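Observations on chain architecture
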Amino acid sequence: MKKATVRGIEIAYEDVGAGPVVLCIHGFPLSHELWTPTAEKLSGRYRLIMPDLRGLGQSSITTNASMADHADDLAALLDAINVKGAVNVMALSMGGYIAFELFRRHPQRVQSLVLADTQAASDTAEKARGRRETAEKVLSQGVEFIVDAMLPNLFAPNASKVVVNQWRDIMLASDPHGVAAALHALADRIDSAETFSDIHVPTFVVVGELDAITPPDVARVMSDGIANASLQVIAGVGHMSPVEAPDEFTRIVGEFLDASM
Ligand code: MLT
């Protein structure tokens, strides 16, 4: 992977293809590999920039990793690699929370939005408390328990076992400090529904029909609330739609990107 030094840390990233830029923001506790199948299919006509977020994958581990830090890291990465102007932003789950923050902090960087398997709402107080407790447990016990607790919610029941196991291995490789920092960022994030009225860029909301973490109902809140948004539900798929249904995901996202150029 390539590495760029931004804001005093190293961000690892893949940069493939040629054409209009798509900044791809992965979820928790994942890595840029979430976008590998999408990049294989879209790199003939788009340039996909796929970072590992700080604390995850091969980027620097930091104890602080707020949604604002992630958004500023990504804007600084674009600066560091000399990408000018607005880009298409494609984001899944926690990546979507960061995409909203990127829009708030760096609106001139956002040309269109793909919000995949994500939501606008912040955590309830109870959920946030649970995340903070889990962060403590991750620091003392490691990441295995959270990975195994999350897996059944990440994938549809009939997802390929090969793909599920591949992601189990990727998540198990996560650094406990990075995972704990991300849990605090998730718990602390603000509600993004207030941002809807400011978003006028083309927006595509996509969600797996069986997404157990951010189900179609919460996806619909975004497509109803954002002016230029449309929604597509992918049948039979869970929260990891880019890797559970790579052909379908890439086809509909590609159609959206082509139409919004
Ligand atoms: C993710 O997939 O990024 C997280 O599960 C999102 C969340 O827990 O809210």
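Whatever comes next refers back to the structure up there.
Since the model is a prediction, treat every value here as computed from it, not as a measurement. (Residues numbered from 1 in each chain as written. Predicted model: local features only at pLDDT ≥ 70, side-chain atom pairs only at ≥ 80, totals over all residues. Heavy atoms only, no water.)

Some points on the site of the ligand
Around the ligand, the surrounding shell consists of Gly27, Phe28, Ser93, Met94, Tyr97, Arg131, Met150, Ile213 and His239. Phe28 places a main-chain nitrogen or oxygen 2.8 Å from an oxygen atom of the ligand. One nitrogen or oxygen atom from the side chain of Arg131 is found 2.8 Å from an oxygen atom belonging to the ligand. Partitioning the shell around the ligand into residue classes produces five nonpolar, three polar and one charged. (Near = heavy atom within 4 Å. Polar contact = N/O pair within 3.5 Å; in protein donor to acceptor, adjacent residues only side chain to side chain. Nonpolar A, V, L, I, M, F, W, Y, C, P; charged D, E, K, R; others polar.)

Quick notes on unusual backbone geometry
Leaving glycine out, the prevailing phi sign among residues is negative, and the prevailing peptide bond configuration is trans. Between Phe28 and Pro29 the backbone carries a cis peptide bond, its omega angle lying at -15 degrees. Note that Pro29 resides in the loop between strand E3 (21-25) and helix H1 (36-42). Even without being glycine, Arg7 reaches a positive phi, approximately 50 degrees. Following the sequence through the fold, Arg7 ends up in the loop between strand E1 (2-6) and strand E2 (9-17). Judged by its relative accessible area of 41%, Arg7 falls in the partly exposed class. Phi is positive for Ser93, which is not a glycine, with a value near 55 degrees. Within the fold, Ser93 resides in the loop between strand E5 (87-92) and helix H3 (94-105). (Helix = DSSP H or I, 4+ residues; strand = E, 2+ residues; numbered from the N terminus. Buried < 20%, exposed > 50% of the residue type's maximum accessible area, 1.4 Å probe, protein only.)

Points about the packing of aromatic side chains
Under the criterion given, the structure shown has three aromatic pairs. Ring plane angle 45 degrees and centroid distance 6.2 Å describe the contact between Phe100 and Phe196, whose orientation is recorded as tilted. Of this pair, Phe100 sits in helix H3 while Phe196 is found in the loop between helix H7 (176-188) and strand E7 (203-208), placing the two residues 96 residues apart along the sequence. Assessed through its relative accessible area of 1%, Phe100 is described here as buried. Classification of Phe196 as buried rests on a relative accessible area of 8%. (Phe/Tyr/Trp six-rings, centres within 6.5 Å; stacked < 30°, edge-to-face > 60°.)

Here's the deal with helix H2 (residues 67-80)
The first and last C-alpha atoms of H2 sit 20 Å apart over 14 residues, in line with the 20 Å expected at 1.5 Å per residue. When we look at burial in H2, the residues that qualify are Met67, Ala68, Asp69, His70, Ala71, Asp72, Asp73, Leu74, Ala75, Ala76, Leu77 and Leu78. Phi turns positive, to about 65 degrees, at Asn82, one or two residues after H2. (Expected span 1.5 Å × (residues − 1).)

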